[in-house]
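# Close look at the chain arrangement
Here is how the chains run, residue by residue.
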Amino acid sequence: MSASAWLDDAILYQIYPQSFADSDGDGIGDFPGALERLDYLRWLGVTTIWLSPCFASPFGDAGYDVADYLTVAPRYGANDDLTALVEAARTRGIRVMLDLVAGHTSDQHPWFRASAADSDDHRYIWRTTPAAGWVASPGSRPGYYLPNFFAIQPALNFGYARRHPEEPWRQGVDDEGPQANRAALREIMGFWFDRGIAGFRVDMAASLVKDDPGHVETAKLWQQTRQWLDSAYPDRVLVSEWGDPATAVRAGFHADFFLHFRGRAFGSLWNNRTGTHDPSWGDGPCYFDADATGAVDEFLAEWRDARSATQGLGHVALPSSNHDFSRLACGPRTRDQLAPAFALLLTWPTLPTLYYGDEIGMRYLPGLPDVEGSTLGPTYNRAGSRTPMQWDPGDNAGFSTAPADKLYLPIDPDPNRPDVASQRTDPGSLLNTVRRLIELRRTAPALRTGGEVEVLHAGYPFVYVRGGTHLVVVNPAGERRAVTAPVGVWADLDSQGVTVADGEIVAEPVSYGVFAAV
Ligand code: GLC
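Residues numbered from 1 in each chain as written. Predicted model: local features only at pLDDT ≥ 70, side-chain atom pairs only at ≥ 80, totals over all residues. Heavy atoms only, no water.

### Describing unusual backbone geometry
Filter applied, for reference: Segments assigned H or I by DSSP are reported as helices when at least four residues long, segments assigned E as strands when at least two residues long, and all are numbered from the N terminus. Using a 1.4 Å probe on the protein chains alone, a residue whose accessible area is under 20% of its type maximum counts as buried, one over 50% counts as exposed, and one in between counts as partly exposed.
Look at the link from Tyr460 to Pro461: it is a cis peptide, with omega at 0 degrees. Even without a glycine there, the phi angle at His215 is positive, about 55 degrees. Looking at where His215 falls in the secondary structure, it is placed in the loop between strand 9 (199–203) and helix 6 (216–232). A relative accessible area of 29% places His215 in the partly exposed class. For Ala397, which is not glycine, the phi torsion reads 55 degrees and is therefore positive. Mapped onto the secondary structure, Ala397 falls in the loop between strand 15 (380–381) and helix 11 (420–424).

Okay, here's the thing in structure tokens:
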């Protein structure tokens, strides 16, 4: 068993630091606030936290524009506050992962300022003549730099897989600038590993080497990084934002996410094309839609390919949503319809990743203004997924004592908005459902990441058996559905609206059930 086998049993939970818990009343979340909520996460069954970037930043892209990788942003606290959070989490059996923005920095990073003043500096990618998509130098250096996302995020130079006679400024992956950047990534990781960090989620991990067909050179870069990790920090992990687990895991990542921007595995489950949507993601229906027009086969086909490519090497991570994509409760999909979605997320052999607030059914809030680069297009507003965590029925939903107009983003104004405190005391709440399902996964190894699954019915309901012992029924349809049950006697471990009896599975509208063979 490898030293990082802890990831096999992980329940990942993404915290968006600015929106989770504010301890000092400035309207923005912080580390001491998150520390106070660790007991809640332990109660829920979370084993690993992933914090979105919490480093010094001008916040032109909500912190994905890093100005200093080794110092946290003052609005979240000091480095010591982060290490205190990590230590407090450790005593509760929870690991903390950070977010490594590997492909670019902020244009305010000292590396970039130096590069913009010195034509011999190769930490970034520069050309002398203008070209579409390139940005004019802000410094004394003439020329144009390549951005990686927004213009304020200059691409770090990891070299080009292919040289080009008309573009002599292209450097190879072994040149000095690209090699210095590789070394810098290891230094940053080592700095935080030495302070107890369990791993990194790596932002835009596929973006490093440019003009790299098949990501061959980018994969080599990560394989080399993984070799270093395995010898220097064997119990730490790297989880990529790549959106292609087959490629990313073979490139050395311990896990990679199914995501909205690539393939249909993620989109075919959750994307009802409200809140955040880009036409390039495809327009098909999604499976978790009460009108039952989706096809779980779409998810299954891609999952099977990803699974066979990653088996024994790493995991496919499936998020409930994230800071770039609509929450589960979005558009016509309401909180009452989420239990079957969590039943799948927590019983399927992917690595379950919960986005803060999804466990209580916080909704995507439409119509918010652009905050720190949240808006990416007319149908693509990420702010709606980034609103403050709703802790209790009190002022600001218990997130902050700041005046409402000082909050990072507004709280959901719905008088019926969900909150943690109210749902904790209600055994029938989504929160308690999610907690029970996490507990089931913990106590039944057959339900965990990487284990076996046999699909019995790929439709409405979706029916499968895990490890030969656990039968799962998921019915997002707004209609009652019945299918033949597998032979045997099945004990109900946890269900809402599903019965297995007399050779038949009956699934009421919007229902799920987990059963064990007796
Ligand atoms: C990733 C992040 C996203 C950010 C972008 C640029 O996709 O998840 O929030 O805007 O990278 O860093």
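### Description of the sheet that holds strand 8 (residues 144–145)
Stated formally: DSSP-based pairing: two strands are paired if at least 2 bridges between them are found.
Pairing is antiparallel in the open sheet, where three strands are placed in the order 6-8-7. Each edge of the sheet is formed by a strand with only one pairing partner; in this case those strands are strand 6 (126–127) and strand 7 (135–136). Both strand 7 and strand 8 contribute to a ladder of two bridges, which runs antiparallel. Note on strand 8: the bridge partner recorded for Ala136 is Tyr144.

### Overview of helix 3 (residues 79–91)
We apply this condition: One less than the number of residues in a helix, times 1.5 Å, gives the span that helix is expected to have. Throughout, the arc means the angular range of directions from the helix axis out to the C-beta atoms. Throughout, a residue-residue contact means that at least one pair of heavy atoms, one from each residue, lies within 4.5 Å.
Its 13 residues place the ends of helix 3 19 Å apart at the C-alpha level, agreeing with the 18 Å of an ideal helix rising 1.5 Å per residue. Three or more residues of helix 3 are buried, namely Leu82, Leu85, Val86, Ala88 and Ala89. Along the long axis of helix 3, the arc covered by the buried residues comes to 165 degrees, so they all point the same way. Exposed residues pointing more than 90 degrees away from the buried face of helix 3 are listed as Asp80 and Arg90. Contacts made by the buried residues of helix 3 are with helix 1 (31–36), helix 2 (38–44), strand 2 (48–51), strand 4 (68–72), strand 5 (95–101) and helix 5 (176–193).

### Observations concerning the domain arrangement of the protein
Put simply, the test is: Boundaries of every domain are those given by an automatic assignment or by a domain database. When two components associate, each loses some accessible surface as probed by a 1.4 Å sphere; the sum of these losses over both components is called the buried area. A pairing counts as a salt bridge when a side-chain nitrogen of Lys or Arg comes within 4 Å of a carboxyl oxygen of Asp or Glu. Amino acids outside the nonpolar list (Ala, Val, Leu, Ile, Met, Phe, Trp, Tyr, Cys, Pro) and the charged list (Asp, Glu, Lys, Arg) are all regarded as polar, and Gly is one of them.
Its domain assignment divides the protein into domain 1 (3–103 + 175–443), domain 2 (104–155) and domain 3 (453–517). Computed over C-alpha atoms, the centres of domain 1 and domain 3 are 29 Å apart. In this assembly, 26 residues from domain 1 lie in contact with 23 residues from domain 3. Interface area, domain 1 with domain 3, both sides summed: about 1900 Å², of which 68% is carbon and sulfur. Area buried by domain 1 at its contact with domain 3 is led by Tyr287, Pro340 and Thr347, which between them contribute 27% of it. In this assembly, domain 1 and domain 3 are joined by one salt bridge. Here Asp494 makes a salt bridge to Arg436, at a shortest N to O gap of 2.8 Å. Those elements that provide at least two residues to the side of domain 1 that touches domain 3 are helix 9 (296–310), helix 10 (339–347) and helix 12 (430–443). In the side of domain 1 that touches domain 3, the residues fall into 16 nonpolar, five polar and five charged.

### Describing the site of the ligand
Heads up, the rule is: Put simply, a residue is near a molecule or strand once any heavy atom of it comes within 4 Å of that molecule or strand. Polar contacts here mean pairs of N or O atoms no more than 3.5 Å apart (in protein, one a potential hydrogen donor and the other a potential acceptor; neighbouring residues in sequence count only if both atoms are side-chain atoms). In short, Shrake-Rupley with a 1.4 Å probe defines the accessible areas, and a residue's cover is counted only from the protein chains shown.
If you check the shell around the ligand, you find 13 residues, and the closest are Asp61, Asp203, Glu241, His323 and Asp324. One of the side-chain N or O atoms of His104 is found 3.0 Å from an oxygen atom in the ligand. In isolation the ligand exposes 310 Å². Once the protein is present, 96% of that is buried. Taken together, the residues of the shell around the ligand sort by class into three nonpolar, three polar and seven charged.

### Some remarks on helix 6
An ideal rise of 1.5 Å per residue puts 24 Å on 17 residues; helix 6 measures up with 24 Å between its terminal C-alpha atoms. When helix 6 is considered as a whole, its buried residues turn out to be Glu217, Thr218, Ala219, Leu221, Trp222, Thr225, Arg226 and Leu229.

### Overview of the pattern of salt bridges
Taken as a whole, this structure holds 27 salt bridges when the rule is applied. Measuring nitrogen to oxygen at the nearest pair gives 3.1 Å for the salt bridge that ties Arg201 to Asp99. Remark: Asp99 occurs in strand 5 and Arg201 occurs in strand 9; sequence separation between them is 102 residues. For the pair Arg201 and Asp99, a shared accessibility class is recorded, and that class is buried. The salt bridge involving Arg442 is made with Glu439; its shortest N-O contact spans 3.0 Å. Highlighted residues: Arg442 and Glu439, both in helix 12, separated by three residues, approximately one helical turn. Judged by its relative accessible area of 52%, Arg442 is exposed.

### Observations concerning the nonpolar core
The tendency in soluble globular proteins is for nonpolar side chains to be buried as a group. The cut-off we apply is this: Working definition of a nonpolar core: buried Ala, Val, Leu, Ile, Met, Phe, Trp, Tyr and Cys residues. They are joined through side-chain atoms within 4.5 Å.
Within the largest apolar cluster, 143 residues are counted, with the highest numbers of intra-cluster contacts made by Tyr13, Trp222 and Trp270. Broken down by element, this core gets its largest block of residues, seven residues, from helix 10. Not counting residues up to four positions away in its chain, the partners in contact with Trp270 are Cys286, Phe288, Leu318, Pro319, Ser320, Phe325, Leu328, Arg333, Ala341, Leu344 and Leu345. Listed in part, the twelve residues of the second largest apolar core include Leu471, Ala485, Ala507 and Phe515.

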